[in-house]
Amino acid sequence: MSDRGQSVRAVAARVLQSVENGQSLTQCLPPALNEVADNERPQLQALCYGTCRWFHRLDAELQARLKKPLRKPDRVVHHLMLVALFQLRLSQQANYAVLNETVEACRALDKPHLTGLVNGVLRAAEREGEPACPDDSARFSHPHWMVEKLRHNWPQDWQALLDANNAQAPMTLRVNARRFSRNEYLQQLTDAGIEATATRFAPLGIQLASPVAVDRLPWFADGAVSVQDEAAQLCTTLMDLAPGQRVLDACAAPGGKTCAILESCSGLEEVVAIDESADRLPRVQENLDRLELVATLVQADAADIDQWWDRQPFDRILLDVPCSATGVIRRHPDIKLLRRESDVVPLASIQLGLLKAMWQVLAPGGRLVYATCSVFPQENHRIIRRFLTQQEHAVLREPDVPWGRDMETGRQLLPDPESHDGFFYAVLEKPEP
Ligand SMILES: C[S@@+](CC[C@H](N)C(=O)[O-])C[C@H]1O[C@@H](n2cnc3c(N)ncnc32)[C@H](O)[C@@H]1O
């Protein structure tokens, strides 16, 4: 029990309940971290991320152990038992501590009538060990629909893809080329006792051997580096940026790529960063401030160009569309619980709508990079194909790069347990009249 009076397990159970009710961990974990003692925060975080990551496997076991589901008002106790099963099956925690503290947490959640059930279920789980997984959803710990969709989309790779989604992602940095070369910053890290290597494909990327708090990174507060996955860094390398260009980042928050654009090319005429989310847009400004960069921020629906466009065309556009985020599940395991199969078609229609709108604000001779952190062709290859059938003048450029799979309309990276996230990129150009 923490000195703030909250059992870490009880808080974790409530966080999971919020995720089940549609909130992301990014939304509901930060306030929950304030409910526990400082030294318990890493544990709370590990419990929430770990239980989400293994939710479908743990839930299959729990459902089999419960004679009937708990009543809706008691659902939080279901999540409490999932947290305990996560610890029993996947952590080093001593079993007796898990059992005792979970029963205590059940009382802390004001559910004393369920302590007997919790105790019985967990004792049986401890005694009998982990059961065989009933199906691939439990085996790979992903929702059934996602397993089936990935099996269909990636017949050769689906198992490796699902395994990669369950691995811990590395911490990757982007060096601010205005401050340090990559080699100089690697030396800074060595001097600080932080083991790291250069990323394979992103020219400014550095992958750490193990994650560290950002305040341990040399000159972080002064803008020497940013935390950004290698795949996300590759977007900027496809933009062919040059001084004097007017650049649009159409879905910009929290601003990782806006900052990468500004860092990688000085002398751009203007960078306009749009996001429709009033909550997320301030994060772009925070990142710009730390890196001492300047962009024009606009809160708007990028697709509604009458609302925000000043009729000055853009030479370069990055369209990093909202998507299923199925390429970044290892960093955001709550996506397994949040995403529904029925989300994909509406997302694809938003993506195509944004692409068509951005085409209108692209200058003749200009270039647009379409990107998603999705591994579903429905949001990637097929969007570009649909767009090209409607925009016969659009020119598809084949990026000459040594990474990713050639999808005819762009390049697809699948998440790599050793390095980058899953991402898709397509490069389109508008011919001069
Ligand atoms: C994949 S995230 C962008 C990540 C960002 N490019 C980065 O690298 O930090 C997609 C963003 O699109 C925003 N968004 C969704 N629909 C939008 C729209 N119609 N117009 C502008 N922004 C939109 C969301 O609020 C979200 O911040």
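Residues numbered from 1 in each chain as written. Predicted model: local features only at pLDDT ≥ 70, side-chain atom pairs only at ≥ 80, totals over all residues. Heavy atoms only, no water.

**Student:** Before we go on, may I ask you to explain the overall build of the protein in this structure?
**Tutor:** Across its full length, the protein carries 18 helices and 13 strands. Considered along the principal axes of its C-alpha atoms, the protein spans approximately 75 × 50 × 40 Å. Looking at the protein residue by residue over its 433 residues, the buried ones come to 56%. Intrachain contacts of the protein at a sequence separation of at least 6 include 73% that bridge at least 24 residues. Counting only carbon and sulfur atoms, one obtains 47% of the accessible surface of the protein, whose full area is about 19,100 Å². In the protein, 47 positive and 57 negative side-chain charges are present, and the distance between their average locations comes to 6 Å. (Helix = DSSP H or I, 4+ residues; strand = E, 2+ residues; numbered from the N terminus. Buried < 20%, exposed > 50% of the residue type's maximum accessible area, 1.4 Å probe, protein only. Contact = heavy atoms within 4.5 Å. Areas by Shrake-Rupley, 256 points an atom, 1.4 Å probe, with all protein chains shown as cover. Lys, Arg positive; Asp, Glu negative; His and termini not counted. Charge placed at Lys NZ, Arg CZ, Asp CG, Glu CD.)

**Student:** I would appreciate a short explanation of the site of the ligand in the present structure.
**Tutor:** Surveying the vicinity of the ligand reveals 19 residues, the closest of which are K257, D275, R280, D301 and D320. Within the side chain of K257, one N or O atom sits 2.8 Å away from an oxygen atom of the ligand. A distance of 2.8 Å separates a nitrogen atom of the ligand from a polar side-chain atom of D301. Coverage of the ligand by the protein chains reaches 87% of its 600 Å² of free accessible surface. (Near = heavy atom within 4 Å. Polar contact = N/O pair within 3.5 Å; in protein donor to acceptor, adjacent residues only side chain to side chain.)

**Student:** Before we go on, may I ask you to explain the environment of P30 in this structure?
**Tutor:** Mapping P30 onto the fold places it in helix α2 (residues 25-33). For P30, a relative accessible area of 42% corresponds to the partly exposed category. Each C-alpha atom of the pair P30 and M239 lies 34 Å from the other, and the pair is 209 residues apart in sequence.

**Student:** In this structure, what is going on with the pairing of strand β3 (residues 205-208)? I would like to understand it.
**Tutor:** Successive residues of a regular strand alternate their side chains across the two faces of the sheet. Neither face of β3 is left uncovered, since the one carrying G205 and Q207 and the one carrying I206 and L208 both have all their residues buried. Bridge analysis of strand β1 (residues 172-175) against β3 gives three bridges, and the strand direction is antiparallel. Across the sheet, the residue bridging to R174 is G205, located in β3. The pairing of strand β2 (residues 196-198) with β3 spans three bridges and is classified as antiparallel. Bridge pairing in β3 links A198 to I206. Remark: six residues form the turn of the hairpin made by β2 and β3, two consecutive strands paired antiparallel. (Pairing = 2+ DSSP bridges.)

**Student:** Please explain the domain arrangement of the protein as it appears in this structure.
**Tutor:** Reports of interface size often rely on the accessible area that becomes lost once the parts have come together. Once the domains are mapped, the protein shows domain 1 (8-135), domain 2 (172-227) and domain 3 (230-429). Placing the centre of domain 1 and that of domain 3 at their C-alpha centroids yields a distance of 37 Å. In this assembly, eleven residues from domain 1 lie in contact with eight residues from domain 3. Interface area, domain 1 with domain 3, both sides summed: about 860 Å², of which 64% is carbon and sulfur. At the boundary of domain 1 and domain 3, one finds three residue pairs in polar contact (both at pLDDT 80 or more). Secondary structure elements with two or more residues in the side of domain 1 that touches domain 3: α2, α3 (41-53) and α4 (55-65). (Domains from an automatic or database assignment. Buried area = accessible area lost by both parts, 1.4 Å probe.)

**Student:** I tried to follow the sheet that holds β3 on my own but got confused; where do I start?
**Tutor:** Working definition: the strands of a sheet are paired by backbone hydrogen bonds and lie parallel or antiparallel to each other. Overall, antiparallel pairing links the four strands, which are arranged β2-β3-β1-β4 in an open sheet. In the strand order of this sheet, the two ends are held by β2 and β4 (225-227), each with one partner. Adjacent strand axes in the sheet meet at a mean angle of 30°, parallel and antiparallel pairs treated alike. On the sheet, helix α13 (residues 256-264) packs against β1 and β4 and is oriented at approximately 35° with respect to β1. (Axes fitted to C-alpha atoms, helices over the stretch in contact; angles between N-to-C directions.)

**Student:** Just to check I follow, could you spell out the packing of aromatic side chains for this structure?
**Tutor:** Two numbers describe a pair of aromatic rings. These are the distance of the centres and the angle of the planes. Enumeration according to the criterion identifies eight aromatic pairs in this entry. Between W403 and Y425 the ring centres are 5.0 Å apart and the planes differ by 65°, which places this aromatic pair in the edge-to-face class. Of the two residues, W403 sits in the loop between β10 (395-397) and β11 (405-406) while Y425 sits in strand β13 (residues 423-429), which places them 22 residues apart along the sequence. In this structure Y425 comes out as buried when scored by relative accessible area, which is 1%. Their ring planes at 25° and their centres at 5.6 Å tell us that F423 and Y425 sit as a pair that is stacked. (Phe/Tyr/Trp six-rings, centres within 6.5 Å; stacked < 30°, edge-to-face > 60°.)

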